[in-house]
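Each chain, letter by letter, is given below.
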Amino acid sequence: FLWAKEGLMEKPDLLEIMIICVIGGLLGVFFMVPLRNALIVKEAASLPYPEGKACAEVLLAGEEGGASASTVFAGLGIAAGFKFFIDGLKAVPSEINTPDHGIASYPGQFGTQIYPAVFSVGYICGPKISSYMFTGGLVSWLIFIPLIVIFGGDAVLYPGSAPISEMFADGGVGAIWGSYIRYIGAGALATGGIISLIKSLPMIITTFRDSVKSLAGGQGDSQLRTDKNISIKVLGIAIAVLIVLTAVLPQIPVGIGGAILIAIFGFFFAAVSSRMVAIVGSSNNPVSGMAIATLLFSTIILKVTGVIGATGMRSAIAIGTVICIIAAIAGDTSQDLKTGYLVGATPKKQQYGEVIGVI
């Protein structure tokens, strides 16, 4: 109602979309530069980055030729045929689920996808990490949702706007997931992210300190080729320019305060995204959870500072949008840098390649 009243229902134009995507994407790349040494190099043994590892294996197989390359192409052919069989011919459904309103009289749901990619990611992640995701699904859909339905009854619980019994009757377990479970997930994600960032903070600080020392001592060229990143000076200037543009451009209605929030939350969720994709892969990067957590935090801060109504809504959505892009690009950049680390690429050239790719 507020959006319609204030005339804010018009669609964004292509220029607005481009500016938001470019600024968010570039920040995602630049925030990953100081995190590379801490997360990809120092924690190489504990953070697998499955897609990055898989890409490195494909590149190495191509270099070796012979049996290794033939296995890769055989896998590609089988997967392509499988997808054509499922999505092209639609011979079998791509997802198999129990009814929306539960298994028999139990208000829980069980389902799976049958794509080869899902098996592949599970294989790369390994049984330990895969079990985390599988357990999360079981807890969400077979324990939390039934408990909410059974004990919620006719209660109206925020953020839901209708009685839980009606939500379940109209939308099934999916409606309960959308109104409650995803927020539980966002809270777990934010909490895990904070703990993870605190654990990585010493390495990140050391990386910054070494970069500044190298810049001050003029020793940047003495580094190994495989250790060279975009210089901290260029990085600082680029991030500062992007934050200023975020504050002043009318296409991103956030102001100075919102731009500062984007800088803080952006770096935080870039680190969280990188660690998450390192464990579960970019295919499962919980960008929506990070966007929800950003919206929750930013709306509280905006409300406290007096930015309310339609203006506050636009600012919150704009902040969440930029953070969403930062998190997505940071996670994707992480996988690319992991591939480069494994095959001996020059990080600086990769990082400039990412900048070109974003634009």
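See the structure above.
Now for a description of the structure that goes with this document. A quick note: this is a predicted structure, and the numbers were derived from the prediction, not measured. (Residues numbered from 1 in each chain as written. Predicted model: local features only at pLDDT ≥ 70, side-chain atom pairs only at ≥ 80, totals over all residues. Heavy atoms only, no water.)

### With respect to the overall build of the protein
So, point 1. Each helix and strand counted, the protein has eleven helices and two strands in total.
So, point 2. Mapped from its N terminus to its C terminus, the protein presents α and β elements in the order α-α-α-α-β-β-α-α-α-α-α-α-α.
So, point 3. At 23 Å, the protein has a C-alpha radius of gyration in line with the 21 Å of a compact globule built from 359 residues.
So, point 4. Across the 359 residues of the protein, 38% fall into the buried class.
So, point 5. Taking the contacts inside the protein whose residues are at least 6 apart along the sequence as the reference set, 73% of them involve residues at least 24 apart.
So, point 6. The distance from the centre of the 21 positive side-chain charges to the centre of the 21 negative ones in the protein is 10 Å. (Helix = DSSP H or I, 4+ residues; strand = E, 2+ residues; numbered from the N terminus. Rg over C-alpha atoms; globule rule 2.2 N^0.38 Å. Buried < 20%, exposed > 50% of the residue type's maximum accessible area, 1.4 Å probe, protein only. Contact = heavy atoms within 4.5 Å. Lys, Arg positive; Asp, Glu negative; His and termini not counted. Charge placed at Lys NZ, Arg CZ, Asp CG, Glu CD.)

### Some thoughts on the environment of leucine 245
So, point 1. Here leucine 245 lies in helix α7 (residues 232-248).
So, point 2. Spatially, the C-alpha atoms of leucine 245 and lysine 348 are 24 Å apart, while their sequence positions differ by 103 residues.

### Here we look at the pattern of salt bridges
So, point 1. Under the definition given, this model contains two salt bridges.
So, point 2. One salt bridge connects lysine 83 with aspartate 87, and the closest N-O pair in it is separated by 2.7 Å. Linking lysine 83 with aspartate 87, this pair stays in helix α4 (residues 66-88), spanning four residues, or about one helical turn. (Salt bridge = Lys/Arg side-chain N within 4 Å of Asp/Glu carboxyl O.)

### Comments concerning the nonpolar core
As a rule of thumb, soluble globular proteins bury nonpolar side chains together.
So, point 1. Core analysis: the largest hydrophobic core is formed by 56 residues, its most contacted members being Leu27, Phe30, Leu35, Ile252, Ile262, Phe269 and Ile326.
So, point 2. Those elements giving two or more residues to this core turn out to be α2 (14-41), α6 (164-217), α7, α8 (255-280), α9 (287-304) and α10 (309-343).
So, point 3. When residues of this core are assigned to their parent elements, the largest contribution, 15 residues, is made by α2.
So, point 4. Excluding residues that lie within four positions of it along the chain, leucine 35 makes contacts with Ile40, Ile204, Phe267, Ala270 and Ala271. (Core = buried A, V, L, I, M, F, W, Y, C linked by side-chain atoms within 4.5 Å.)

### Some details on unusual backbone geometry
So, point 1. A cis amide bond links tyrosine 158 to the next residue, proline 159, at an omega of 10°.
So, point 2. Positionally, proline 159 belongs in the loop between α5 (116-152) and α6.
So, point 3. Located in the positive-phi region is tyrosine 49, a residue other than glycine, with phi close to 45°.
So, point 4. With respect to the helices and strands, tyrosine 49 occurs in the loop between α2 and α3 (50-64).
So, point 5. One non-glycine residue, lysine 90, lies in the positive phi region at around 55°.
So, point 6. Within the secondary structure, lysine 90 is located in the loop between α4 and β1 (95-97).

### Some details on the packing of α8 against α10
Two quantities define a packed helix pair, namely the angle between the axes and the distance from one axis to the other.
So, point 1. Their axes nearest at 8 Å, the elements α8 and α10 cross at an angle of 35°. α8 and α10 meet at a crossing whose hand is right-handed. Listed contacts from α10 to Gly258, Leu261, Ile262, Phe265, Gly266, Phe269, Ala270, Ser273, Ser274 and Val277 of α8 are Ile319, Val322, Ile323, Ile326, Ala327, Ala330, Gly331, Ser334 and Gln335.
So, point 2. Taken together, the residues that form the contact of α8 with α10 break down as twelve nonpolar, seven polar and no charged. (Axes fitted to C-alpha atoms, helices over the stretch in contact; angles between N-to-C directions. Left-handed = near helix turned anticlockwise from the far one by under 90°. Nonpolar A, V, L, I, M, F, W, Y, C, P; charged D, E, K, R; others polar.)

### Focus: α7
So, point 1. With 17 residues, α7 should cover 24 Å at 1.5 Å per step; its first-to-last C-alpha distance of 24 Å lies within 8% of that length.
So, point 2. Those residues of α7 lying buried are Ile232, Leu235, Ala238, Ile239, Leu242, Ile243 and Thr246. Down the axis, α7 shows its buried residues gathered within 130° of arc, on one side only. More than 90 degrees from the buried face of α7, the exposed residues found are Lys233, Ile237 and Val248. (Expected span 1.5 Å × (residues − 1). Arc of directions from axis to C-beta.)

### Section: the packing of aromatic side chains
So, point 1. Overall, the coordinates contain five aromatic pairs when judged by the stated rule.
So, point 2. Geometrically, the ring pair formed by phenylalanine 31 and phenylalanine 267 is edge-to-face, given 5.8 Å between the ring centres and 85° between the ring planes. Of this pair, phenylalanine 31 sits in helix α2 while phenylalanine 267 sits in helix α8, and the two are 236 residues apart along the sequence. Residues phenylalanine 31 and phenylalanine 267 agree in their burial class; the two are buried.
So, point 3. Here the aromatic residues Phe265, Phe268, Phe269 and Phe297 are joined through ring pairs into a cluster of three or more. (Phe/Tyr/Trp six-rings, centres within 6.5 Å; stacked < 30°, edge-to-face > 60°.)

### Considering the layout of surface pockets
So, point 1. A volume near 840 Å³ is recorded for the second largest pocket.
So, point 2. If you go around the second largest pocket, you meet 22 residues; those closest to its centre are Ala54, Val58, Ser120, Tyr123 and Ile124.
So, point 3. Going through the elements one at a time, α3, α4 and α5 are the ones with two or more residues in the lining of the second largest pocket. (1 Å grid on protein atoms, 1.4 Å probe; cavity = no way out; pocket = protein on both sides within 12 Å on 5 of 7 lines; lining within 4 Å. Points joined across faces, edges and corners; volume = space filled by probe spheres on them.)

Shape descriptors only; they carry no functional weight alone.
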